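# A look at the structure
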Amino acid sequence: MKFFVDTAEIDQIRELNDLGMVDGVTTNPSLIKKSGRDIIEVTKEICAMVSGPVSAEVTSTDADTMIAEGRKLVEIAPNIAVKVPLTWDGLKACKTLSSEGHMVNVTLCFSANQALLAAKAGASFISPFIGRLDDINLDGLELIENIRTIYDNYGFDTEILAASVRTTNHVSECALIGADVVTAPPAVIKSLANHPLTDKGLAAFMADIADTGQKIL
Ligand code: G3P
């Protein structure tokens, strides 16, 4: 399973990228706002650092403007995936941009039917938002499972990019279900390394070696 990092914070991307943990990056208008950066400039910097797909989202809602914005975004770098919303206009933009050979990530997906439409419109990635479904007491992971089944039933090659990932459980469950990609905030990716028994075991090892008075360096 690929890891994309869901942020526009350059330093945080760099830290994870240096460890080989970053297969791509996803941004959205809220993440751009949080970064305080210019969308084109920060996207250019991310694309120069990360070789995998970098999702940059359009800032309009009608198909023609989304297509024009998408064509401008793909000029930034060859690894741009144009992110469009899962609306009828977004699907039109997806069809046009994907037919032109560009990667398209269709975002704000909340149902299996929406995912089916995105695949038929030629999306490279579909982004179902797990956490936001959980927020309204629906099962985000069940959606990932249903999309996996549907895509496999018909051989769609659109990659399932699980988004709105908030917990370590989301990550492991997506891996078990067979999501192609998980995009998660840096803090969630880093917390995958945590386990209380690791901390407890390490504390005991450190105490025992200190008791012997030995040091390697
Ligand atoms: O990848 C989508 C993500 O940025 C949305 O996450 O936590 O705002 O639902 P969240």
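Relevant structure appears above.
Residues numbered from 1 in each chain as written. Predicted model: local features only at pLDDT ≥ 70, side-chain atom pairs only at ≥ 80, totals over all residues. Heavy atoms only, no water.

## A look at the layout of surface pockets
Quantified by volume, the largest pocket comes out at close to 500 Å³. If you go around the largest pocket, you meet 24 residues; those closest to its centre are D6, N28, S30, L31 and R132. Where the lining of the largest pocket is concerned, the elements lending two or more residues are α2 (29–35) and β5 (103–109). Broken down by element, the lining of the largest pocket gets its largest block of residues, four residues, from α2. Classifying every residue of the lining of the largest pocket by side-chain character gives nine nonpolar, eight polar and seven charged. (1 Å grid on protein atoms, 1.4 Å probe; cavity = no way out; pocket = protein on both sides within 12 Å on 5 of 7 lines; lining within 4 Å. Points joined across faces, edges and corners; volume = space filled by probe spheres on them. Helix = DSSP H or I, 4+ residues; strand = E, 2+ residues; numbered from the N terminus. Nonpolar A, V, L, I, M, F, W, Y, C, P; charged D, E, K, R; others polar.)

## Topic: the site of the ligand
Neighbouring the ligand are the residues D6, N28, F129, R132, A163, S164, R166 and T183. Between R166 and the ligand, the recorded distance is 2.8 Å, taken from a side-chain N or O atom to an oxygen atom. Notes on the ligand: free accessible area 310 Å², of which the protein chains cover 80%. Using a 2 Å cut-off from the grid points, one finds that the ligand occupies the largest pocket. (Near = heavy atom within 4 Å. Polar contact = N/O pair within 3.5 Å; in protein donor to acceptor, adjacent residues only side chain to side chain. Areas by Shrake-Rupley, 256 points an atom, 1.4 Å probe, with all protein chains shown as cover. Sits in = over half its atoms within 2 Å of the grid points.)

## Notes on the pattern of salt bridges
Inspection of the entire model under this criterion finds nine salt bridges. Where K83 meets E57, a salt bridge forms, and the shortest distance between an N and an O atom there is 3.9 Å. With K83 in strand β4 (residues 80–85) and E57 in strand β3 (residues 54–57), this pair connects stretches of sequence that are 26 residues apart. Exposure class is identical for K83 and E57. Each is buried. Put simply, R71 and E100 hold a salt bridge, and the shortest N to O gap is 2.4 Å. One end of the pair, R71, is in helix α4 (residues 63–73); the other, E100, is in the loop between α5 (88–99) and β5, and 29 residues separate them in sequence. When salt bridges that share partners are traced, they join R148, D152 and D180 into one network. (Salt bridge = Lys/Arg side-chain N within 4 Å of Asp/Glu carboxyl O. Buried < 20%, exposed > 50% of the residue type's maximum accessible area, 1.4 Å probe, protein only.)

## Section: unusual backbone geometry
Positioned with a positive phi, L108 is a non-glycine residue whose angle comes to about 60 degrees. When you line up the elements, L108 lands in strand β5. For L108, a relative accessible area of 32% puts it in the partly exposed group. Look at S164: it is not a glycine, yet its phi comes out positive at around 55 degrees. Looking at the secondary structure, you find S164 in the loop between β7 (159–162) and α9 (168–177). Residue class for S164 comes out buried when judged on its relative accessible area of 11%.

In short, geometric facts, not functional conclusions.
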